[in-house]
Amino acid sequence: MAKQPLATLLTDFGTRDPYVAAMKGVILGMCHSARIVDLCHHVPPQDVLAAAFILAQAAPYYPTGTLHVVVVDPTVGTDRRILAARFGGQNFLFPDNGVITFISRRMPLEALAVVSNTKYLPAATASMTFHGRDVFAPVAGHILNGLQLTRLGPQPKSYEMLDLPEPQEQEAEIVGQVIYVDRFGNLVSNIPASMIERTFENLASPSVLCAGRDVGGLQGSYAFVPKGRPLALFNSMGLLEVAVNRGRADETLNAGIGAEIRMVKRK
């Protein structure tokens, strides 16, 4: 039995409007056997960084050959490019705005093309404001039907990457920042657990400061501190996270994207 083509959709459309349903209709109209998974539709509007983070944390768990369609596209209708790529055996269709940044760091690039072949693009009557339905969805349908990515257009020399500072590792100190806030108000940093383990021989020795406030040492899980108390831990993504037990760290600490996260050795 042939594999059922699998696609995921990642957008900032939400679920109260017809946009996601319209995209699915176009894809299914072209590939009746497709199976479509909603990766996420509640990316904050036009938030490319959040979309890049969500994509990188979810996509690697899907089967080889999955097509991930990403439509978080603040410059829709302009001359920004649409790219098709294969990273680590999975296919991605996305606007060239940096949304692929974290995926490109985690998975090896195997193919890349600018979507420009008019044979697979809609007529000039396509909406300038809804490329999700009129460009991304039809191209996704072709890919799900077996079209090779290289037939979509030429290989570009490069693609856009988000300009993100890396965590800085110093002697007995690491400085990073919040790059994502989840629906629980947890503050996810760009500091990987591996860096912390390399810097501090004893993980009980460092304290974590978030936006200048000391939240204490590393804990094993949220309930390891009293209700309402902030804490720091390694989350399921292998990143340092600041949270509040049964509360919201973003509100309690008045911190958000870009807030400094600092780990220092206790005196």
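Calculation notes
- Residues numbered from 1 in each chain as written.
- Predicted model: local features only at pLDDT ≥ 70, side-chain atom pairs only at ≥ 80, totals over all residues.
- Heavy atoms only, no water.
- Core = buried A, V, L, I, M, F, W, Y, C linked by side-chain atoms within 4.5 Å.
- Buried < 20%, exposed > 50% of the residue type's maximum accessible area, 1.4 Å probe, protein only.
- Helix = DSSP H or I, 4+ residues; strand = E, 2+ residues; numbered from the N terminus.
- Contact = heavy atoms within 4.5 Å.
- Phe/Tyr/Trp six-rings, centres within 6.5 Å; stacked < 30°, edge-to-face > 60°.
- Lys NZ or Arg CZ within 6 Å of the ring centre and 35° of its normal.
- Right-handed = clockwise from strand over helix to strand, strands pointing away.
- Pairing = 2+ DSSP bridges.

S.K.: Whenever I open this one, the nonpolar core confuses me. Can you help?
M.R.: In globular proteins that are soluble, nonpolar side chains generally tend to be buried together. In this structure, L10, V43, L55, F92, F94 and I103 are the most contacted members of the largest nonpolar core, which totals 33 residues. When contributions to this core are tallied by element, the ones reaching two or more residues are β2 (35-40), α2 (48-58), β4 (82-87), β5 (90-95), α3 (101-106), β6 (109-114) and β8 (173-181). When residues in this core are grouped by element, the largest group, 9 residues, is from α2. What V43 contacts, discounting residues up to four positions off in sequence, is L10, T11, D12, A50, A51, I54 and V72. Counting 28 residues, the second largest nonpolar core, distinct from the first, contains F13, A34, L67 and F136.

S.K.: Help me out: how do you make sense of unusual backbone geometry in this one?
M.R.: What is expected of a backbone is that most residues other than glycine have negative phi and most peptide bonds are trans. Not every positive phi belongs to a glycine, and A211 is a case in point at roughly 50 degrees. Positive phi is not limited to glycine here, since R246 has a value of about 60 degrees.

S.K.: Teacher, can you tell me more about the packing of aromatic side chains here?
M.R.: A ring pair, where both rings are aromatic, is described by two values, the distance of the centres and the angle of the planes. Scanning the model with the defined rule gives 7 aromatic pairs in all. Ring centres 5.8 Å apart and planes at 70 degrees place the aromatic pair F13 and Y19 in the edge-to-face group. Residue classification places F13 among the buried positions, given a relative accessible area of 18%. Assessed through its relative accessible area of 37%, Y19 is described here as partly exposed. Considering the side-chain rings of F87 and Y159, the 6.4 Å spacing of their centres and the 90 degrees angle between planes classify their relative orientation as edge-to-face. With a gap of 72 residues between them, F87 in strand β4 and Y159 in the loop between α4 (131-144) and β7 (168-170) connect regions that are remote in the sequence. For Y159, a relative accessible area of 22% translates into the label partly exposed. Here the aromatic cluster, defined as three or more aromatic residues joined through ring pairs, consists of F13, Y19 and F130. Across the ring face of F184, the terminal group of R183 is positioned such that the distance to the ring centre comes to 5.4 Å.

S.K.: I keep staring at the pairing of strand β1 (residues 6-11) and nothing clicks. Help me out?
M.R.: The buried fraction of β1 is high, at 6 of 6 residues. On β1, burial covers both faces: L6, T8 and L10 on one face and A7, L9 and T11 on the other are all buried. Where the polypeptide runs from β1 across helix α1 (residues 19-30) and back to β2, its parallel neighbour, the crossover connection is right-handed. Bridge count for β1 against strand β3 (residues 67-71) is 5 bridges, and the pairing is parallel. From the neighbouring strand, L9 faces β3, where its bridge partner is V69.

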